[in-house]
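Each chain, written out:
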Amino acid sequence: MITKRTAKVAGACLALSLAAAACGGSGDTGGGGGGGSDSNGVEVFSWWTSGSESEALQVLIDKYDTETGGEVSNAAVSGGGGANARQALATRLQGGDPPDSWQLHPDQDLFAAVADGSVADITSTFEDNGWVDVIPQDVLDMLAVDGKYYAVPVNAHRGNVLWTSPSVLEENGITWDDSTTPDQFMADAKTLSDAGVTPVCLGDKDVFAASQLLETLIMGRVGGDGWNSLFSGDLSFDDADVKSAVEDYVDLVDMANEDHSALTWDQAAVMVGEGDCAANLMGDWAYGELLNKGFVENEDFGYVTMPGTSEVFDYVGDAFVKPAENAPNAEGEDAWLSLLLDPTVQADFNLKKGSTPIRTDVPLDDFPPYQKGAANDFRSKQIVSSLAHFQVAPAEFAQAYADAVTALNGDGNVDSFLESMTAAQSSLLG
Ligand code: BGC
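Predicted model, so just to flag it, every value in this text is computed and none were measured.

Visitor: Provide a residue-level description of the sheet that holds strand β8 (residues 279–282), including the pertinent values.
Guide: Taken together, the 3 strands give an open sheet; going across it, the order is β8-β7-β9, and neighbouring strands pair in antiparallel fashion. Of all strands in the sheet, those bounded by a partner on one side alone are β8 and β9 (302–305). Between one strand and the next, the sheet's axes are offset by a mean angle of 30°, whatever the strand orientation. Two strands pair when backbone bridges link them, and strand β7 (residues 161–164) and β9 are joined in this way by 4 bridges, in the antiparallel orientation. Each bridged residue has a counterpart across the sheet, and for Leu162 the counterpart in β9 is Val304.

Visitor: Tell me what's going on with the side chain of Arg158, and back it up with residues and numbers.
Guide: Note that Arg158 resides in strand β6 (residues 152–158). Its relative accessible area of 3% is what places Arg158 among the buried residues. Among the polar contacts made by the side chain of Arg158, one reaches the side chain of Asn160 at a distance of 3.3 Å. A polar contact is formed between the side chain of Arg158 and the side chain of Asp377, at a distance of 2.8 Å. Every residue in contact with Arg158, bar those within four places of it in the chain, is listed here: Met282, Gly283, Asp284, Thr305, Thr309, Ser310, Val312, Phe313, Asp314, Tyr370, Asp377 and Lys381.

Visitor: Provide a residue-level description of the nonpolar core, including the pertinent values.
Guide: If you look at the biggest cluster of nonpolar residues, it comprises 76 residues, and the most contacted ones within it are Trp176, Tyr249 and Phe417. Per element, the largest residue contribution to this core is 12 residues, and it comes from helix α10 (residues 208–232). Among residues more than four places away in sequence, those in contact with Phe417 are Leu214, Val246, Tyr401, Ala404, Val405 and Leu408. In this structure, Tyr149, Tyr150, Ala151 and Phe349 belong to the second largest nonpolar core, which totals 53 residues.

Visitor: Outline the packing of aromatic side chains, supporting the account with residue identities and numerical values.
Guide: Pairs of aromatic rings are described using the distance from one ring centre to the other and the angle between the two planes. All told, the structure shown has 20 aromatic pairs when counted by the stated rule. Ring centres of Trp48 and Phe349 lie 5.5 Å apart, and the angle between their planes is 40°; this geometry places the pair in the tilted category. Residue Trp48 is found in the loop between β1 (42–45) and α3 (51–68), and its partner Phe349 is found in helix α15 (residues 343–353); the two are separated by 301 residues along the sequence. By relative accessible area, which is 2% here, Trp48 ends up buried.

Visitor: I'd love a proper account of the environment of Ala76, names of residues and values included.
Guide: With respect to the helices, strands and loops of the structure, Ala76 is situated in the loop between β2 (72–74) and α4 (83–94). Sequence spacing of Ala76 and Thr175 is 99 residues, and the spatial spacing of their C-alpha atoms is 39 Å. If near-sequence neighbours (up to four positions away) are discounted, Ala76 is found in contact with Val44, Ser46, Trp48 and Thr49.

Visitor: For the confidence of the model for the protein, give the residues involved together with the corresponding values.
Guide: Put simply, the protein has an average pLDDT of 92, and 91% of its residues get 70 or more. Here helix α2 (residues 20–23) stands out as the element of the protein with the lowest mean pLDDT, 32, in contrast to β7, whose mean of 99 is the highest. Considering only residues more than four positions removed or in separate chains, one finds that residues 1–34, a stretch of pLDDT under 50, has 57 contacts.

Visitor: Can you lay out α10 for me, pointing to particular residues and giving the numbers?
Guide: When the terminal C-alpha atoms of α10 are compared, their 22 Å separation across 25 residues is substantially less than the 36 Å that a helix rising 1.5 Å per residue should span. At Gly223, α10 is bent by approximately 110°, the largest bend along its length. Most of α10 sits out of view: 20 of its 25 residues are buried.

What counts as what
- Residues numbered from 1 in each chain as written.
- Predicted model: local features only at pLDDT ≥ 70, side-chain atom pairs only at ≥ 80, totals over all residues.
- Heavy atoms only, no water.
- Pairing = 2+ DSSP bridges.
- Helix = DSSP H or I, 4+ residues; strand = E, 2+ residues; numbered from the N terminus.
- Axes fitted to C-alpha atoms, helices over the stretch in contact; angles between N-to-C directions.
- Buried < 20%, exposed > 50% of the residue type's maximum accessible area, 1.4 Å probe, protein only.
- Polar contact = N/O pair within 3.5 Å; in protein donor to acceptor, adjacent residues only side chain to side chain.
- Contact = heavy atoms within 4.5 Å.
- Core = buried A, V, L, I, M, F, W, Y, C linked by side-chain atoms within 4.5 Å.
- Phe/Tyr/Trp six-rings, centres within 6.5 Å; stacked < 30°, edge-to-face > 60°.
- pLDDT = per-residue confidence, 0-100.
- Expected span 1.5 Å × (residues − 1).
- Bend = angle between axes of the 7 residues up to and from the residue.

Here is the structure:
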């Protein structure tokens, strides 16, 4: 007998070219009914709760509903950058209660999940859908272990963008472009501050926003190759250029909005749109958020890469996985993962999220100017991986960095920050 559920899943298979295992109805059908309220539902775990993040996630949820007739139970845990979500997820995984699919970052964040055995091998899904031909090699390398794939990427966010207030810059006679040096940027920040204007607004209630600001200042001083050398052990955190960047960071935080530790990343981004400060350093999820809040590109806000980083694309990727064990709804999980790289979903999702589609064959004609430029840069600049987002280094190292940034925010002690990071480098990178 063909039940309603079988019919819907069969339809989804046709529409989405699902992996053979899911469509063929092979052995592993999982234990329960997923997290949705119906038997074809899936529970999806992420940290996407801001206005733009929720709308982007809704594109994926709606697609799952349209294609499978099943419901997505949205298990998002708030807290930008995902620190809260990561903790909640770890508790569930330890308890043998995984969601059907969860968000993580490519690179070391994924590699740790592969090493601890929590995520399933989805190589056949990659092969059946021909994804290796439409995803850039740099990204594929961050999704695979020993030639096997474990996560479906949805986007490429750029982490090294300064969102600027055109009116504030113009009123103060300041121009920032790709040729602006870190020294000039710091001199301008001082000029703005002396004039009673907040040069950089910050919302580091969630520490990633502070970690990311410092990360991009360091990149501006040491370049993309220097950044990579910090994680191969070829460049010490004690390096003079790193030290200058950390000093710049302390100065910028001193000049930032006083309530920075009480604000979230999206609240700080909105301050730029409202002309309350000259700039905010944030990944281009802030672009999605500024548009979501009704601000107009090149009128209410502008953008420039963090001075010194115009040749670098600080890559922050979002990806989804499915559990290796205790899968609540294996068929639904495959349907969910497959829809993420549907070309129309790629366009609709990334338009809301502010990011670049990870598929290189998605037409960008309908994308706004910032996103066209970012997509172009993603294909032509040096891609480096983010530390603030737990990508470029193992979690212990990324956490040591987050803790050192928190300490630095409290005491402003540059030498002690550098000592902590040099110690973390030698103990964790060998
Ligand atoms: C994620 C983005 C998200 C941002 C703020 C980053 O770690 O990659 O998708 O919008 O955190 O929550």
